[in-house]
Structures are given as structure tokens and as C-alpha cells.
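A structural walkthrough
Here's the letter readout for the chains.
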Amino acid sequence: MSHHAATVPGPTWVARWAGVLLCLAVAAIHVVDQGGITATRDPHYIGVAYHVLEIAAVVAAVLLIVGLVRLGWLLAAMVAVGPLLGYVLSRGPGLPDYSDDVGNWTEPLGLVSLAVEGALLLLSIPLFMRSLRRRT
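Here's what I pulled together on the structure shown here. The model shown is predicted, which means the values in this text are computed figures rather than measured ones.

Parameters at a glance
- Residues numbered from 1 in each chain as written.
- Predicted model: local features only at pLDDT ≥ 70, side-chain atom pairs only at ≥ 80, totals over all residues.
- Heavy atoms only, no water.
- Helix = DSSP H or I, 4+ residues; strand = E, 2+ residues; numbered from the N terminus.
- Buried < 20%, exposed > 50% of the residue type's maximum accessible area, 1.4 Å probe, protein only.
- Lys, Arg positive; Asp, Glu negative; His and termini not counted.
- Salt bridge = Lys/Arg side-chain N within 4 Å of Asp/Glu carboxyl O.
- Contact = heavy atoms within 4.5 Å.
- Expected span 1.5 Å × (residues − 1).
- 1 Å grid on protein atoms, 1.4 Å probe; cavity = no way out; pocket = protein on both sides within 12 Å on 5 of 7 lines; lining within 4 Å.
- Points joined across faces, edges and corners; volume = space filled by probe spheres on them.
- Nonpolar A, V, L, I, M, F, W, Y, C, P; charged D, E, K, R; others polar.

Some thoughts on the side chain of Glu117
Looking at the element boundaries, Glu117 is found in helix α5 (residues 108–133). As a buried residue without a salt bridge, Glu117 has its nearest oppositely charged side chain in Arg91, at a separation of 8.9 Å. The residues contacting Glu117, other than those within four sequence positions of it, are Val26, His30, Ala80, Pro83 and Leu84.

Here it is, written out as C-alpha cells:
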């Protein structure tokens with residue numbers, strides 16, 4: 001067994017790549033929802049939030065790829081929680097100057113987004129907690 005294979009176990013890489021793919025899926029879903037990379041949703045703060053989320057998702061993916069797993073899993077968890085919270089608020093009480101989605105709980109892209117973000121959250125929280133217990 002090579003030295004590299006001994007220091008980076010297979011399941012760790014599988015989890016990291018799953019996290020990378022889920023982060024990139026969150027970014028892609030939100031790019032599609034906003035109408036493209038250069039588009040910005042209205043109101044302005046929603047558009048900015050979409051762009052911040054997309055950038056954070058890509059950064060989290062890069063962190064996981066390069067091996068900065070503690071920060072990567074923490075950011076991945078935030079990438080999952082942010083849009084989950086936004087979904088509930090935008091469909092429930094609504095957000096300031098944004099009531100387009102109030103009551104729209106079954107929008108297909110929104111449901112796909114919930115599934116991806118839920119999977120990312122379920123993956124990232126335990127792996128972030130595990131990274132805290134390790135000495136690095």
C-alpha cells in the first residue's frame with residue numbers, strides 16, 4: 001500500500017467528493033433558478049444572496065477538494081442551511097418586498113433544491129463534527 005493511500009482512506013475521499021458534488025449542485029440549482037450566472041433576482045438583496053450562496057458553494061467544494069476539510073464541511077453546512085431557511089421563509093411568511101413564492105411549497109426546482117440541501121446538511125454536519133475531534 002502506498003503512503004498516500006494509507007493517509008487518505010477511501011471513505012474519506014468518497015464523502016468529500018459527495019460533498020463537492022452536492023455543493024456544486026446547490027450552486028447550479030440556484031443559477032438556474034435566477035435565470036443564469038449574470039442574472040440577478042429581484043428584489044436586489046435576494047439576487048445578492050443567490051450570488052453569495054453560489055460563490056460560497058464553489059468555495060466549499062474547492063476547500064473539500066484541496067483537503068481543508070474542517071472549513072470545507074463548515075461552509076458546506078452553511079451552504080445547505082442558508083437556502084433551506086430561505087425556502088421556508090419565502091414560502092411561509094414571505095420576505096420583505098418578495099412575496100412571489102408565498103405558499104408555493106411544491107415548485108419542482110424548489111423540491112429538488114430541498115433534497116440536495118438536505119443531503120448536504122446530513123453529510124456535512126457529522127463530518128464537520130468529526131473534523132473537530134481530530135488533531136490536525
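Regarding helix α4 (residues 69–91)
Between its first and last C-alpha atoms α4 spans 33 Å; for 23 residues at 1.5 Å apiece the expected length is 33 Å, and the two agree. Of the positions making up α4, those classed as buried are Gly72, Trp73, Leu75, Ala76, Ala77, Val79, Ala80, Pro83, Tyr87, Ser90 and Arg91.

Re unusual backbone geometry
In this structure, the amide linkage connecting Asp42 to the following residue, Pro43, adopts the cis form with an omega of -5°. Notably, Asp97 is not glycine yet its phi reads approximately 60°, a positive angle. Within the secondary structure, Asp97 sits in the loop between α4 and α5. For Asp97, a relative accessible area of 74% puts it in the exposed group.

What about empty space enclosed by the protein?
Using the criterion set out here, one finds one cavity of 30 Å³ or more in the structure. In this structure, the largest cavity spans a volume of roughly 90 Å³. Lining the largest cavity we find Thr12, Ala15, Arg16, Val69, Trp73, Leu127, Arg130, Ser131 and Arg134. Those elements that place two or more of their residues in the lining of the largest cavity are α2 (10–34), α4 and α5. By residue class, the composition of the lining of the largest cavity is four nonpolar, two polar and three charged.

Considering the pattern of salt bridges
In this structure the tally under the stated criterion is three salt bridges. Across the pair Asp33 and Arg41 runs a salt bridge, and its minimum N-O distance is 2.9 Å. What makes Asp33 partly exposed here is its relative accessible area of 26%. In this structure, the salt-bridge partner of Arg91 is Asp101, at a minimum N-O distance of 3.6 Å. Here the residue Arg91 occupies a position in helix α4, and Asp101 occupies one in the loop between α4 and α5, the gap between them amounting to 10 residues. Both residues of the pair, Arg91 and Asp101, count as buried. Here the salt bridges share partners, and the residues they tie into one network are Arg91, Asp101 and Glu107.

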